[in-house]
Each structure stands twice: as structure tokens, then as C-alpha cells.
Amino acid sequence: ATAASRALVKLNDFGFARICEDIDDEVKRRAKPFGIIATGDEASTNQLIAFQKAEDLHALGFVFLGILLTTLAEPRSSNYPLPQTDEDSLQQLLGTRYKKDVFEFRSYCESEDAWDRVVALLDENDCAGWDLLQSMCFAREQVARGGIPPSGWELLTSPFFNR
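In this text the structure is predicted, and so the values were computed from the model without any measurement.

Trainee: What's the story with the nonpolar core in this structure? I'm lost.
Mentor: Nonpolar side chains in soluble globular proteins generally cluster together in the buried interior. In this structure, L69, F105, C109 and W130 are the most contacted members of the largest nonpolar core, which totals 42 residues. Secondary-structure elements contributing two or more residues to this core are α1 (25–31), α2 (42–71), α3 (87–97), α4 (102–110), α5 (116–137) and α6 (139–144).

See below:
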């Protein structure tokens, strides 16, 4: 990880400019592991559209988590080795090691002294930050269970932002 004072932020291709109604073979390929199969009927099409929105939320959730873990980190010294906070590492931790449970991941974060501020922030308002991360990072899974991803308004009205 990098201390905030040494961070260089590069933003690239968050996918927000794509029209959701454009369901190509690539979208179908990414949705298939989640059990979302294109059958051509309206319900399938709506689920694929929801999946595309969920993909954006998934990416945004991990970017948000990475920003929190790097900018709010308080390492003991400039030489203190922080755990990896790149998107791939965080997805591996949350997806595989902690089985998509942000509250199990919270315990991992809590054990890292440099992340005390992050844990405290996400714990506010009855763990509203952790709930927000759960809904964003795992929005694709919510669609796979037949749900719909949260809207931008639902995210902005999260208790996390009402501090």
C-alpha cells in the first residue's frame, strides 16, 4: 500500500459511459458465472441490464474501499509495510478468504493498526459503512439472487453519509 502523501491516483475506464441496454456477448459471458443466462425474454434482458449496473457498483465499491484503506491509513512510519489495497488483492480477500462477508473482512481490517480510522469510520451509525460496502461490492450477487442493485439515490441516502 502507499501512504496518502505519496499516492498517485489514475482513473481509467469505470464503465459508466456504456448504455446498459447494449447487451453484447461480453456482458453475457460475464453474467454467466452468476447464473444469469440470456434467454431473450424480457425478464432475462432486465436481469442482464441490472447486472450491468451491478458491475459498475461492484467496481465502485472496491475503488471506494481502496481509497479508504489508503487515504485514511496511519502507518507507524513511512517504512511500515501496509497490506495490499489494489482492487485484485481486495477482491481476493473479500471474495475468497472472507467468503464475501464484509463483517469477517472487518475483523481483518481491525487487526491492522494502521486502519483503525477506517474501521472506526465504517463502524459509525451501526456499521453503515460496512453495509454500504456490502451492497456495492456484492451488487452482482444480489442481481444473481433475483434482486436489483441499489440506485444512486439509495446509496446517497445510506446512513453512512448521514453522519
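Trainee: I keep staring at the pattern of salt bridges and nothing clicks. Help me out?
Mentor: Proximity of charged atoms lets side chains of opposite charge pair with each other. Under the counting rule described, the total for this entry stands at eight salt bridges. For E74, the salt bridge goes to R117, with nearest N and O atoms at 3.1 Å. Linking E74 in the loop between α2 and α3 with R117 in helix α5, this pair joins segments that are 43 residues apart in sequence. The partner of E110 in a salt bridge is R106, with the nearest N and O atoms 3.0 Å apart. In this pair, E110 and R106 both sit in helix α4, four residues apart, roughly one turn of the helix. Residues joined in a network through salt bridges with shared partners are E26, R29, R30 and E55.

Trainee: Would you mind going over α3 with me for this structure?
Mentor: Three or four residues apart is the spacing at which side chains of an α-helix point the same way, because the helix has 3.6 residues per turn. The complete set of buried residues in α3 reads L90, L93 and L94. Viewed along the axis of α3, the buried residues span an arc of 85°, placing them on a single side of the element. Of the surrounding elements, those touching the buried residues of α3 are α2 and α4. The distance from a side-chain oxygen at the start of α3 to the backbone nitrogen of D88 is 3.2 Å, and the residue carrying that oxygen is D86.

Trainee: Mind showing me how you'd approach the packing of aromatic side chains here?
Mentor: Given two aromatic rings, one states the distance between the centres and the angle between the planes to describe the pair. In total, this model carries eight aromatic pairs according to the counting rule given. Taken together, a centroid distance of 6.0 Å and an interplanar angle of 80° make the contact between F64 and F160 edge-to-face. In this pair, F64 sits in helix α2 while F160 sits in the segment after α7 (152–156), placing the two residues 96 residues apart along the sequence. Take F64 and F160: they sit in the same class, and that class is buried. Taking 6.1 Å as the distance between ring centres and 70° as the angle between the ring planes, the aromatic pair formed by Y98 and F105 counts as edge-to-face. In terms of burial, Y98 and F105 fall into one category: buried. One aromatic cluster is present, built from ring pairs that chain together Y98, F105, Y108 and W115.

What counts, and where the lines are drawn
- Residues numbered from 1 in each chain as written.
- Predicted model: local features only at pLDDT ≥ 70, side-chain atom pairs only at ≥ 80, totals over all residues.
- Heavy atoms only, no water.
- Core = buried A, V, L, I, M, F, W, Y, C linked by side-chain atoms within 4.5 Å.
- Buried < 20%, exposed > 50% of the residue type's maximum accessible area, 1.4 Å probe, protein only.
- Helix = DSSP H or I, 4+ residues; strand = E, 2+ residues; numbered from the N terminus.
- Salt bridge = Lys/Arg side-chain N within 4 Å of Asp/Glu carboxyl O.
- Arc of directions from axis to C-beta.
- Contact = heavy atoms within 4.5 Å.
- Polar contact = N/O pair within 3.5 Å; in protein donor to acceptor, adjacent residues only side chain to side chain.
- Phe/Tyr/Trp six-rings, centres within 6.5 Å; stacked < 30°, edge-to-face > 60°.

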